[in-house]
Amino acid sequence: MQDRHEEIRRSYKQLGDIAGLYDGIITRSTLIGKLMDSVIWGLDEELAAKWVNEALSPIPEDFSGRLLEVPVGTGVITMPVFRTLEKAQITCLDYSADMMKNAERRAEILDIRNVSFVQGDVGKLPFEDESFDIVLSLNGFHAFPDKEAAYRETFRVLKKGGVFCGCFYVAGEFDRTDWFVRKLYVPKGFFTPPFETLSTLRQRLEKMYEKVNVHSVNAEGIFCCIK
Ligand SMILES: C[S@@+](CC[C@H](N)C(=O)[O-])C[C@H]1O[C@@H](n2cnc3c(N)ncnc32)[C@H](O)[C@@H]1O
């Protein structure tokens with residue numbers, strides 16, 4: 001476990017030079033990013049590491065099946081992790097080719113060969129039913145415009161017994177974040193309502209999946225479900 005963390009940390013360091021504003025917030029690697037992460041999300045180093053680790057923890061270290069990540073964005077969180085999953089078959093999808101270009105560049109720099117990139121819509125995934133063992137979704141559902149279609153499609157492509165895991169913003173857990181989401185993120189179009197609360201998310205997932213675990217780190221709702 002310690003080795004994997006060390007390897008992931010080294011990869012982030014190696015990627016440091018292509019971090020933009022978004023990546024700076026996620027990784028707290030820039031002054032403005034650190035400030036925004038603290039002020040908007042109320043996170044310090046420890047809590048920031050906690051939500052990332054907990055959202056990714058359902059992926060076994062020796063995972064060797066098929067994993068779909070949607071949306072991959074710039075790959076800032078996942079490429080260093082994917083580098084450690086040499087036996088997996090990984091597919092990354094995002095609507096934005098521009099965001100995904102950064103993820104592809106990261107995969108190149110880290111010499112990750114078992115990842116493919118597909119531009120597409122989470123509401124209309126171009127994959128067969130039950131074709132993935134894990135569907136990972138980090139910070140996507142608060143941005144997706146058609147959330148019903150996204151829940152339906154991520155479920156459809158997951159195998160029976162497979163894992164759906166990840167995180168996204170949930171309302172009602174951390175007042176300061178709720179305020180910034182209303183006043184900044186929604187008007188700017190970064191986030192699209194309606195938003196789940198922790199309890200609406202739990203209820204929704206329990207209707208769809210066999211086993212569900214939902215909790216939060218400040219306003220990040222973290223979930224892990226088994227189909
Ligand atoms: C906040 S970013 C999260 C990216 C990454 N998972 C992370 O945590 O850093 C949200 C991403 O959702 C993507 N997105 C928005 N609507 C989408 C859709 N309908 N289908 C696929 N991706 C979408 C955006 O292009 C953007 O890259």
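Overview of the structure. (Residues numbered from 1 in each chain as written. Predicted model: local features only at pLDDT ≥ 70, side-chain atom pairs only at ≥ 80, totals over all residues.)

**Considerations on the site of the ligand**
Inclusion rule: Using a C-beta atom placed from the backbone, a residue is scored as near a molecule or strand whenever that atom is within 6 Å of it. Charged means Asp, Glu, Lys or Arg here, nonpolar means Ala, Val, Leu, Ile, Met, Phe, Trp, Tyr, Cys or Pro, and polar covers whatever is left, Gly included.
Close to the ligand lie 18 residues; Pro-71, Gly-73, Tyr-95, Ser-96 and Asn-139 are nearest. Considering only residue class, the shell around the ligand consists of 11 nonpolar, five polar and two charged.

**Structural notes on the pairing of strand S7 (residues 220-226)**
Selection criterion: Counting other C-beta atoms within 10 Å of each residue's C-beta, where C-beta atoms are placed from the backbone, gives the exposure class: buried for 20 or more, exposed for 12 or fewer, partly exposed between. Strands here mean DSSP runs of E at least two residues long; helices mean DSSP runs of H or I at least four residues long; both are numbered from the N terminus. Two strands pair if DSSP finds at least two bridges between them.
For S7, a buried count of six out of seven residues is recorded, marking the element as mostly surrounded by other parts of the structure. Examined bridge by bridge, strand S5 (residues 158-169) and S7 share seven bridges and lie antiparallel to one another. Bridge pairing in S7 links Phe-168 to Gly-221. The pairing of strand S6 (residues 211-217) with S7 spans seven bridges and is classified as antiparallel. If you follow Lys-211 over to S7, its bridge partner there is Ile-226. As consecutive antiparallel partners, S6 and S7 are separated by two residues, and within that stretch Asn-218 has a phi angle of approximately 50 degrees, a positive value.

**Re unusual backbone geometry**
Cis geometry is found at the peptide bond from Val-70 to Pro-71, where omega equals 0 degrees. Tracing the backbone shows Pro-71 in the loop between strand S1 (66-69) and helix H5 (79-82). Note that the residue after Pro-193, namely Pro-194, is joined by a cis bond; omega there is 0 degrees. With respect to the helices and strands, the residue Pro-194 is situated in the loop between helix H8 (175-185) and helix H9 (198-208). You will see that Glu-130, though not glycine, has its phi angle at about 50 degrees, which is positive. Along the polypeptide, Glu-130 turns up in the loop between strand S3 (115-119) and strand S4 (132-138).

**Quick word on helix H6 (residues 97-109)**
Basically, it comes down to this: By definition here, a helix of n residues has an expected span of 1.5 Å times n minus one. To be clear, the arc concerns the directions from the helix axis to the C-beta atoms.
End to end, H6 covers 18 Å across 13 residues, agreeing with the expected 18 Å (1.5 Å per residue, within 8%). Of all the residues in H6, the buried ones are Met-100, Asn-102, Ala-103, Arg-106 and Ala-107. Projected down its long axis, H6 carries its buried residues within an arc of 145 degrees, all on one side. Away from its buried face, by an angle of more than 90 degrees, H6 presents the exposed residues Ala-97, Asp-98 and Glu-108. Positive phi appears at Asp-111, one or two residues downstream of H6, with a value of about 55 degrees.

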